[in-house]
Every structure is written in structure tokens, then in C-alpha cells.
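Take a look at the letters that make up each chain.
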Amino acid sequence: MAAFDPENRGVVVTGAGNGIGAALARELAARGARVVVSDIDADGAARTVAEIESAGGTAFAVAGDAASEEGVAALVATARRELGAIDAWYANAGVDRGRGLDTPESEWALSIDVNVMAHVRAARLLVPEWVAARGGRFVVTASAAGLLTMIGAPAYSVTKHAAVAFAEWLSVTYRHQGVVVQAICPQGVRTGMLERSGELEELLSRDSALEPADVATLAVDALGGDDFLILPHPEVGGYYAARASATDKWLHGMNKLQQRLETKETTR
Ligand SMILES: NC(=O)c1ccc[n+]([C@@H]2O[C@H](COP(=O)([O-])OP(=O)(O)OC[C@H]3O[C@@H](n4cnc5c(N)ncnc54)[C@H](O)[C@@H]3O)[C@@H](O)[C@H]2O)c1
């Protein structure tokens, strides 16, 4: 079981200006990591860095797009300059766009870019260095939607499945060369994304929405091992097993849930 001690290591967290990413950055810095805080929201990134510094930690704000090919290349180059080596990469930035079959092409494209291609583009630049050094961590904030599905949200569900699939592929391909890959798959977490999820907020909050700090503590604790799945809501493991072992029963149950939501909407 490989352990990764964050003390004095160089770590990048994307989407760290808000929500889960900000909590991950604070937790990693509190455990001694030097953290590059990346976000397209420059004010958010600066805020997270100020919080880390006021707690005595070391962090660098890098504002910019962590999804496009040029954006990822610029982030990797800046992070290498600030940190020396990048020991761990938290591919955390994500978007939840569109609802139903009317989800526009542009929202599908953005979801694919941020939720999937960002990870591919980062891994392409990082993994060769990690293989040469025989060590590195790639941690993807996917979602329970990547193991199950998210009612109403096809672009989110499909791209989070792809995020998990890419992480699995990376693990399968590079595990023996020292690259440890982990996928954080929470259900509801109290962040701006959950607040913006409309009628889904209630559904996702009902099964005990977590605070970002709880997810971050669990995820950073998981650096002590190399388990692939990090499940802040442990019940997700049971749903995932049920989906695999009794797929039709699971789909039927999810459709019942969809119908209940539709009924609720029409009686509003
Ligand atoms: N909140 C939840 O209930 C929940 C549940 C499961 C998984 N997740 C996942 O957790 C991750 C973090 O989400 P959150 O809930 O903290 O949401 P959030 O909206 O609070 O934070 C996401 C951050 O990512 C940044 N971002 C978006 N696109 C970016 C880009 N191209 N480049 C750089 N930064 C970008 C945003 O500016 C924002 O600061 C996402 O991948 C999300 O899908 C969230």
C-alpha cells in the first residue's frame, strides 16, 4: 500500500477558488504541502491563497482555464516553476451544465472539456515525469454521478462516467510504474454547484449533504493508501454494487425516482 505524505510536496489543485477544491487546497496546505491554487475565478483563487497564508501555509494563485490544451500547458509550466516538481495533481475543476435532452451542444462541449479532457491533457504532461521518477498521484474529483447517474443531467452524468473511466484507465496502465490514481466520488456537497442545481438540490441534500471540509479531510486521509475509490458518502458503494449486480432493478428504481420528481414538479 503506497502512502503519500503531503509534507513539503508540490501539489496542484484545479478549481480551488471555491467549494471542494478550496477545501482540498486548505487541507493539503495544513498538512505541509506547497499548493498551487488554480481557478478560472481569479478572485476565488486569491481568496484561497490568502486563507492558506493566514493559517501559515504556502500557496500560489494561478488564475486561468485548467481545461483547454493551452490552459493546462500554462498551468503545468507555472506550477513547475513555483513548486519545482509537481508531486500530486488534483483534477478537481468541474461543471454541471444543462438539463435533459435540450442540453445545448455548447454545454455538452464545455462539460466534455472541463470534466474529461482537462484530466487527459494534464495526465499527458505529468505522467511521463512521474514514470521516470517512479512516483506521482493523480486524484480526480469525479462524482457519485460517475458511478451511478444524475437524474436530469445527461452531460454531467456522461462526462463524470468518462472521468472515472479515464482515471481507471490511467490506474490500469501506470500503477506498476508508481503512478497512483484515485477518484473522489461524493454525492451532495454544500458548495455553489449544489446551490445552483435547482430542484436537484433537495434530492442531493436529503441523503446528508456533506461540507467541503469533510470531503477534503477524507480525501487527504486517503493519501495514506492507494485505494482507487474515495467515497465520502459510504452508501454510494452499496448503490454502485446494486447497479452492477441487478442493473434492471436499479434502473427501474431510478426511473421511479424520476417519476416522483416529475409528479412533484407538476403539483408545485
Ligand atoms: N458539490 C457537489 O455536490 C459535488 C458532488 C460530487 C462531485 N462534485 C465535483 O466536485 C468538483 C468541485 O465542485 P464544487 O462542488 O466545489 O463546485 P464549485 O462550483 O463550488 O467549484 C468549482 C470550481 O471550479 C472552477 N472551474 C470551473 N471550470 C474551470 C476551468 N475550466 N478552469 C479552472 N477552474 C474552473 C470554478 O470557477 C469553481 O471555483 C467538481 O468536479 C464537481 O463536479 C461536486
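Residues numbered from 1 in each chain as written. Predicted model: local features only at pLDDT ≥ 70, side-chain atom pairs only at ≥ 80, totals over all residues. Heavy atoms only, no water.

Per an unreviewed UniProt entry, the chain goes by SDR family oxidoreductase and derives from Tsukamurella conjunctivitidis. Recorded under Sequence similarities (unreviewed entry), the UniProt text for the chain is reproduced unchanged: "Belongs to the short-chain dehydrogenases/reductases (SDR) family." (UniProt positions renumbered as here; feature names shortened; annotations may be inferred.)

Asks: Lay out empty space enclosed by the protein with the relevant residues and their values.
Replies: All chains considered together, the criterion is met by 1 cavity of 30 Å³ or more. Size it by volume and the largest cavity reaches roughly 40 Å³. Only β4 (88-91) and α4 (105-133) provide two or more residues apiece to the lining of the largest cavity. Counting residues per element, the lining of the largest cavity draws most heavily on α4, which supplies 4 residues. (1 Å grid on protein atoms, 1.4 Å probe; cavity = no way out; pocket = protein on both sides within 12 Å on 5 of 7 lines; lining within 4 Å. Points joined across faces, edges and corners; volume = space filled by probe spheres on them. Helix = DSSP H or I, 4+ residues; strand = E, 2+ residues; numbered from the N terminus.)

Asks: Tell me about the site of the ligand, and name the residues and values.
Replies: Contacts to the ligand come from 28 residues, most closely from Asn18, Asp39, Asp65, Tyr156 and Thr191. Ala66 is positioned such that a nitrogen or oxygen atom in its backbone is 2.8 Å from a nitrogen atom of the ligand. Interatomic distance of 2.8 Å between a side-chain N/O atom of Arg196 and an oxygen atom of the ligand. Here the ligand, which alone exposes 830 Å², has 93% of that area covered by the protein. For the shell around the ligand, the elements supplying multiple residues, two or more each, are α1 (19-30), α5 (154-174) and α6 (192-195). Along the lines of polarity and charge, the residues of the shell around the ligand split into 11 nonpolar, 12 polar and 5 charged. (Near = heavy atom within 4 Å. Polar contact = N/O pair within 3.5 Å; in protein donor to acceptor, adjacent residues only side chain to side chain. Areas by Shrake-Rupley, 256 points an atom, 1.4 Å probe, with all protein chains shown as cover. Nonpolar A, V, L, I, M, F, W, Y, C, P; charged D, E, K, R; others polar.)

Asks: Account for the pairing of strand β5 (residues 136-141), with residues named and values stated.
Replies: With 6 of 6 residues buried, β5 is to be regarded as a mostly interior element. With burial as the criterion, each face of β5 is covered, one bearing Gly136, Phe138 and Val140 and the other bearing Arg137, Val139 and Thr141. Of the strand pairs in this sheet, β4 and β5 are connected by 4 bridges, and their pairing is parallel. Within β5, the residue paired with Tyr90 across the bridge is Val139. What joins β4 to β5 is α4, and the crossover it makes is right-handed. In this sheet, strand β6 (residues 179-184) lies alongside β5 in parallel orientation, the contact comprising 6 bridges. The residue of β6 that forms the bridge with Thr141 is Ile184. Read from β5 through α5 to β6, the crossover connection turns out right-handed. (Buried < 20%, exposed > 50% of the residue type's maximum accessible area, 1.4 Å probe, protein only. Pairing = 2+ DSSP bridges. Right-handed = clockwise from strand over helix to strand, strands pointing away.)

Asks: So what's going on with helix α3 (residues 69-83)? Which residues, and what values?
Replies: The end-to-end C-alpha separation of α3 is 21 Å, in line with the 21 Å expected for 15 residues at 1.5 Å each. When α3 is considered as a whole, its buried residues turn out to be Gly71, Val72, Leu75, Val76, Thr78, Ala79 and Leu83. Close packing links the buried residues of α3 with β1 (10-14), β2 (34-39), β3 (58-63), β4 and α4. Count one or two residues on from α3 and you reach Gly84, which has phi positive near 80°. (Expected span 1.5 Å × (residues − 1). Contact = heavy atoms within 4.5 Å.)

Asks: Tell me about the nonpolar core, residues and numbers included.
Replies: Val12, Ile86, Trp89 and Phe138 are the most contacted members of the largest nonpolar core, which has 46 residues in total. Here the element with the most residues in this core is α4; it accounts for 7 residues. Aside from chain neighbours lying at most four places away, what touches Trp89 is Val12, Thr14, Leu75, Val76, Ala122, Leu126, Trp130, Arg137, Phe138 and Val139. Core analysis: the next-biggest nonpolar cluster, separate from the first, contains 30 residues, Val13, Ala25, Val189 and Ala219 among them. (Core = buried A, V, L, I, M, F, W, Y, C linked by side-chain atoms within 4.5 Å.)

Asks: Explain the pairing of β2 residue by residue, including any values.
Replies: Counting buried positions over the 6 residues of β2 gives 5, a clear majority of the element. Judged from the 5 bridges that link them, β1 and β2 form a sheet pairing that is parallel. Looking across to β2, one finds that Gly10 is bridged to Arg34. The β-α-β motif built from β1, the intervening α1 and the parallel element β2 has right-handed crossover chirality. Sheet topology note: the β2/β3 ladder contains 6 bridges and is parallel. Note on β3: the bridge partner recorded for Val35 is Ala59. For the segment spanning β2, helix α2 (residues 42-54) and β3, crossover handedness is right-handed.

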